[in-house]
Amino acid sequence: MTGGEIAALIAAIAFAVLVLGLVYVLFKVAKMVSELNTTVEEANKSLSTITKDADLLLIEVEGLLNKSNVTLDDVNGKLGLTDPLFKAVGDLGESVSSLNNSTRNLSSHLASASKRGASIGIAKKVGSTMSRDRKKQ
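Given the structure is predicted, the values throughout are model-derived calculations rather than measurements.

How each quantity is defined
Residues numbered from 1 in each chain as written. Predicted model: local features only at pLDDT ≥ 70, side-chain atom pairs only at ≥ 80, totals over all residues. Heavy atoms only, no water. Helix = DSSP H or I, 4+ residues; strand = E, 2+ residues; numbered from the N terminus. Areas by Shrake-Rupley, 256 points an atom, 1.4 Å probe, with all protein chains shown as cover. Salt bridge = Lys/Arg side-chain N within 4 Å of Asp/Glu carboxyl O. Patch = residues over 30% accessible without salt bridge, like charges linked within 9 Å, V, L, I, M, F, W, Y side chains within 5 Å. Buried < 20%, exposed > 50% of the residue type's maximum accessible area, 1.4 Å probe, protein only.

*Asks:* Can you explain the overall build of the protein chain? Please cite residues and give values.
*Replies:* Along the protein chain, the regular secondary structure elements total two helices and zero strands. A total accessible area of about 12,200 Å² is found for the protein chain, and carbon and sulfur atoms account for 68% of it.

Pasting the structure below:
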């Protein structure tokens, strides 16, 4: 075997090792691409399921919001019916306050009148007593 044949044999072996290495890498890449495709398919299925569930949930939430709006309108209407009650209670409070003021005024007027009457009564009694005493003298 000559030097050229040995060099050709070494080159052929190196090329075979290179090809085997390249085949090994390609098989690993193909396996990784296959796993990546599986993962993407599962992600798409999950996303599709989530989208369907979200659509159903949004429909239910919309129905709930509509019912909430109807209930709120009903409560506001009923609350509006209580306005005359609170106005009547406020008017009653003003009437009671006015009655209290009138009662105080009447009480103070009667108290001052009774003081004047008592003063007049005492003066009359003193005057009649004095006039009896003068008559006796």
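Past the structure itself, the notes keep going.
*Asks:* Explain the pattern of salt bridges to me, and be specific about the residues and the numbers.
*Replies:* This model, assessed by the stated rule, comprises two salt bridges. Of the charged contacts in the structure, one is a salt bridge between Lys78 and Asp74, with a shortest N-O distance of 3.3 Å. Here Asp74 and Lys78 lie together in helix α1 (residues 3–81), a separation of four residues that amounts to about one turn. Lys87 serves as the salt-bridge partner of Asp91, at 3.7 Å between the closest nitrogen and oxygen. Of the two residues, Asp91 and Lys87 both sit in helix α2 (residues 83–136), four residues apart, roughly one turn of that helix.

*Asks:* Tell me what's going on with a nonpolar patch on the surface, and back it up with residues and numbers.
*Replies:* Taken together, the side chains of Met1, Ile6, Leu9, Ile10, Ile13 and Val17 define a hydrophobic patch exposed on the protein surface, amounting to about 620 Å² of accessible area. A relative accessible area of 72% means that Met1 is categorised as exposed.

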